Amino acid sequence: MGAAMRRIQAGNVLSAFGLGFTVPYLYVYVAQVRNLGAGTAGVVLAVFAMAALVVLPFTGRAIDRRGPLPVVVGAALLAAVGALGMGLAGSVPTVVLAAALLGAGTAVMQPALATMIVWCSSTATRTRAFALQFFLQNLGLGIGGLIGGQLVDESRPDSFLLLFSIEAAMFLVLAAIAATVRMPRTPSIADARPQTEGGGVRALLGHRAMVQLCVLGFVLFFACYGQFESGLAAYGTEAAGIEPSALGMALAANTAVIVVAQFLVLRFVERRRRSRMIATVGLIWTVAWLFAGYAGLGHGSQTMATAAFITTYGLFGLGEAMLSPTVAPLVADLAPESMVGQYNSAFALVKQLALAIGPAVGGPMGAALHGPYIVTFVLFSLGISVLALRLGRKLTTAQDHPYLVAKSRVVAQHTPDRRVAVQPGG
């Protein structure tokens, strides 16, 4: 990695570390520590998510017009104000306002950081750059959550102020690091990118491959991330009788698989077609949902049910490790040079929508409709494979299989020209 990429990744892991400190404890903090009630806590979590939906439609154009660097700095400062405000808030209006600032700031960071990675990478290095970003995000969130859990004390509001202050400090460090990054004058645009004379939402919606990728992305996030802490957790406790401690073990297994498998599967993934790798993830997640079905509906022992449930989360982690070097670079390679920020923001908006709708649909189903819940998400996972293979038909070789293109270029550069010049009269 170059110096710019190292600083981007360092800022990325610090922001994830800060989020890991506080996000798992937002509900407890608002409802119990500040004594604002469960209803207010639910509103705060909803505002945190809705703020992202409000700002993301405007983020992409700002990134493409101003560049990703000032957007990252502004978003980090906004999130820092929101985090510190959350730690100091003692009334409903102030805690809701702080949640809105924090949610908006963290949401804007995602496409801005992704665009910085695109600008500072090439086709040959982009896959590994996004894989490293995903690895560091999970590592930062996990370590932050572990340390934060040791510091919090529900009987001491000051302990939560410390957590939110540390989170604010991490965002300020991210802003400082980002401000020192020297971005290239022009982004390292791959030949895979289409050229377009226009721009904006109309151009994006007219790009059929990108629209198909957004639909696929919605299904991916709806069927996996949108179920982790809602539908799947409700299903595990209600249908499978999973203890809360075992649910924590399942989440830990998911993170552990991502951390261990990320770079083990990277070489395998980057040498194959992206569409086929996404289709493979759909099949892996189908098996994961079948394990979940056995855990809740198989009528086996409690030990076997717990093991099957933990296996479900582990298989989800394997699929996530395969997606991280696949989907984000594909969004980048589909984007025209002048719309990289808008494409990244559009995909982030799709992800946020899936994360908002997923719990609303999956939570009640997982708690009460156990059989239909499993069948629904088995079908969604199979749908991922179908959608991925259909998307592959819309992609060029450079977009779907960049490793093959890069390898062909290297071979062409090192192949000696064996043509023999014919002398006149010879």
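Every chain's residues receive numbers from 1 upward, in the order its sequence appears when written. Where local features are concerned, this predicted model is filtered to residues with pLDDT of at least 70; where side-chain atom pairs are given and counted, the filter is 80 or more; whole-chain, interface and lining totals use all residues. Side-chain measures were taken over the full set of non-hydrogen atoms in the model, leaving aside hydrogen atoms and water.

Draft legend 1. Focus on the overall build of the protein. Helix and strand assignments follow DSSP, with helices taken as H or I runs no shorter than four residues and strands as E runs no shorter than two, numbered in order from the N terminus. Scanning the protein from terminus to terminus reveals 18 helices and zero strands. In the protein, the proportion of contacts linking residues at least 24 apart, taken out of those at least 6 apart, comes to 86%. In this description, accessible areas are obtained by the Shrake-Rupley approach with a 1.4 Å probe, and a residue is regarded as covered only by the protein chains that are shown. Split by element, the accessible area of the protein, about 18900 Å² in all, is 65% carbon and sulfur. A contact between two residues is defined here by any heavy atoms of the two lying within 4.5 Å.

Draft legend 2. Representation of a nonpolar patch on the surface in the model. Nonpolar side chains (Val, Leu, Ile, Met, Phe, Trp, Tyr) are joined into patches within 5 Å and like charges within 9 Å, using only residues with over 30% relative accessible area and no salt bridge. A side-chain nitrogen of Lys or Arg and a carboxyl oxygen of Asp or Glu constitute a salt bridge if their distance falls within 4 Å. The grouping of Ile143, Leu146, Ile147, Leu151 and Leu162 at the surface amounts to a nonpolar patch, some 420 Å² of accessible area in total. Looking at which element gives the most residues to the nonpolar patch, the answer is helix 6 (residues 123–151), with four residues. Any residue under 20% of the maximum accessible area for its type is buried, any over 50% is exposed, and the rest in between are partly exposed; the area is computed with a 1.4 Å probe on protein chains only. You can call Leu151 partly exposed: its relative accessible area is 33%.

Draft legend 3. Quick peek at the packing of helix 5 (residues 92–119) against helix 6. Structural elements are reduced to axes, namely lines fitted to C-alpha atoms, with helices fitted over the stretch in contact, and the angle between N-to-C directions of any two is expressed from 0 to 180 degrees. Relative to each other, helix 5 and helix 6 sit at 150°, their axes nearing to 10 Å. For helix 5 against helix 6, the interelement crossing comes out right-handed. For the pair helix 5 and helix 6, the contacting residues are Leu113, Ala114, Ile117 and Val118 in the first and Arg126, Ala129, Phe130 and Gln133 in the second. Only Asp, Glu, Lys and Arg are considered charged, only Ala, Val, Leu, Ile, Met, Phe, Trp, Tyr, Cys and Pro nonpolar, and every remaining residue, Gly among them, polar. Its residues placed into classes, the contact of helix 5 with helix 6 shows six nonpolar, one polar and one charged. Should the near helix be turned anticlockwise from the far one by less than a right angle, the crossing is left-handed, and should it be turned clockwise, the crossing is right-handed.

Draft legend 4. Focus on the pattern of salt bridges. Counted under the stated rule, the structure contains four salt bridges. Here Asp400 ties to Arg273 by a salt bridge, and the two come within 3.4 Å at their closest N and O atoms. Of this pair, Asp400 sits in helix 17 (residues 397–400) while Arg273 sits in the loop between helix 11 (244–270) and helix 12 (274–297), and the two are 127 residues apart along the sequence. Exposure remark for Arg273: the relative accessible area of 27% places this residue in the partly exposed category. Via salt bridges that share partners, Arg126, Arg274 and Asp333 belong to a single interconnected network.

Draft legend 5. Broad picture of the side chain of Ser159. Relative to the helices and strands, Ser159 is located in helix 7 (residues 157–179). Among all residues touching Ser159, those that are not within four sequence positions of it are Leu151, Val152 and Asp153.

Draft legend 6. Representation of unusual backbone geometry in the model. Positive phi outside glycine occurs at Asn35, with the angle close to 55°. Mapped onto the secondary structure, Asn35 falls in the loop between helix 2 (26–33) and helix 3 (37–66). On the basis of relative accessibility, which here comes to 64%, the residue Asn35 falls in the exposed class.

Draft legend 7. Here's a closer look at the nonpolar core. Residues belong to one nonpolar core when they are buried, are Ala, Val, Leu, Ile, Met, Phe, Trp, Tyr or Cys, and are joined through side-chain atoms within 4.5 Å. Counting residues in hydrophobic clusters, the biggest one holds 99 residues, and the most contacted among them are Met210, Leu213, Leu232, Trp285, Trp289 and Phe309. The residues touching Trp285, leaving out its near neighbours within four places in the chain, are Leu220, Cys224, Leu315, Phe316, Gly319, Glu320, Leu323, Ser381 and Ile384.

Draft legend 8. How the structure looks around the environment of Gly105. Structurally, Gly105 can be placed in helix 5. We classify Gly105 as buried; its relative accessible area is 0%. Each C-alpha atom of the pair Gly105 and Leu77 lies 7.7 Å from the other, and the pair is 28 residues apart in sequence. With residues near it in sequence (within four places) discarded, Gly105 still touches Ala75, Leu78 and Ala79.

Draft legend 9. Representation of the packing of aromatic side chains within the structure. A pair of aromatic rings is counted whenever rings of Phe, Tyr or Trp (Trp by its six-membered ring) have centres within 6.5 Å, and the orientation is called stacked for planes under 30 degrees apart, edge-to-face for over 60 and tilted otherwise. Under the criterion given, the structure shown has 15 aromatic pairs. Here the aromatic rings of Trp289 and Phe316 are separated by 5.6 Å at their centres, their planes lie at 80°, and the arrangement is edge-to-face. Taken together, the residues span a long stretch of sequence, with Trp289 in helix 12 and Phe316 in helix 13 (residues 302–323) at a distance of 27 residues. The burial state of Trp289 is the same as that of Phe316; both residues are buried. In textbook terms, an aromatic cluster arises when at least three aromatic residues are bridged by ring pairs, as seen for Phe218, Phe222, Tyr235, Trp285, Trp289, Phe316, Tyr373, Phe377 and Phe380.

Draft legend 10. How the structure looks around the packing of helix 9 (residues 208–223) against helix 16 (residues 370–392). The geometry of helix 9 relative to helix 16 is characterised by a closest axis approach of 10 Å and an angle of 160° between their N-to-C directions. Viewed along their axes, helix 9 and helix 16 adopt a mutual orientation that is roughly antiparallel. Classified by chirality, the crossing of helix 16 by helix 9 is left-handed. On the side of helix 9, the interface is formed by Ala209, Gln212, Leu213, Val215, Leu216, Val219, Leu220, Phe222 and Ala223, while helix 16 contributes Phe377, Phe380, Ile384, Leu387, Ala388, Arg390 and Leu391. Relative orientations are named as follows: roughly parallel for angles under 35 degrees, roughly antiparallel for angles over 145 degrees, roughly perpendicular for angles from 65 to 115 degrees, and oblique for any other angle.

Draft legend 11. Spatial organisation of the layout of surface pockets. Grid points spaced at 1 Å over the protein atoms alone were grouped into cavities, where a 1.4 Å probe fits but cannot get out, and pockets, open sets with protein on both sides within 12 Å along at least five of seven lines, with lining residues defined by an atom within 4 Å of a point. Grid points are joined across faces, edges and corners, and a volume is the space filled by probe spheres set on the points. Estimates place the volume of the second largest pocket at around 340 Å³. Lining the second largest pocket are 18 residues; nearest its centre among them are Val201, Leu204, Gln342, Ala346 and Leu349. When the residues that make up the lining of the second largest pocket are grouped by side-chain class, the tally is 13 nonpolar, four polar and one charged.

Draft legend 12. Here's a closer look at the confidence of the model for the protein. With 89% of its residues at a pLDDT of 70 or more, the protein shows a mean pLDDT of 81. For every residue, the predictor states its confidence as a pLDDT score lying anywhere from 0 to 100. Within the model, pLDDT remains below 50 along residues 186–194, and this stretch shows 32 contacts once partners closer than five positions in the same chain are excluded. Long-range and interchain partners of residues 418–426, a stretch whose pLDDT sits below 50, account for zero contacts in this model, where long-range means more than four residues apart.

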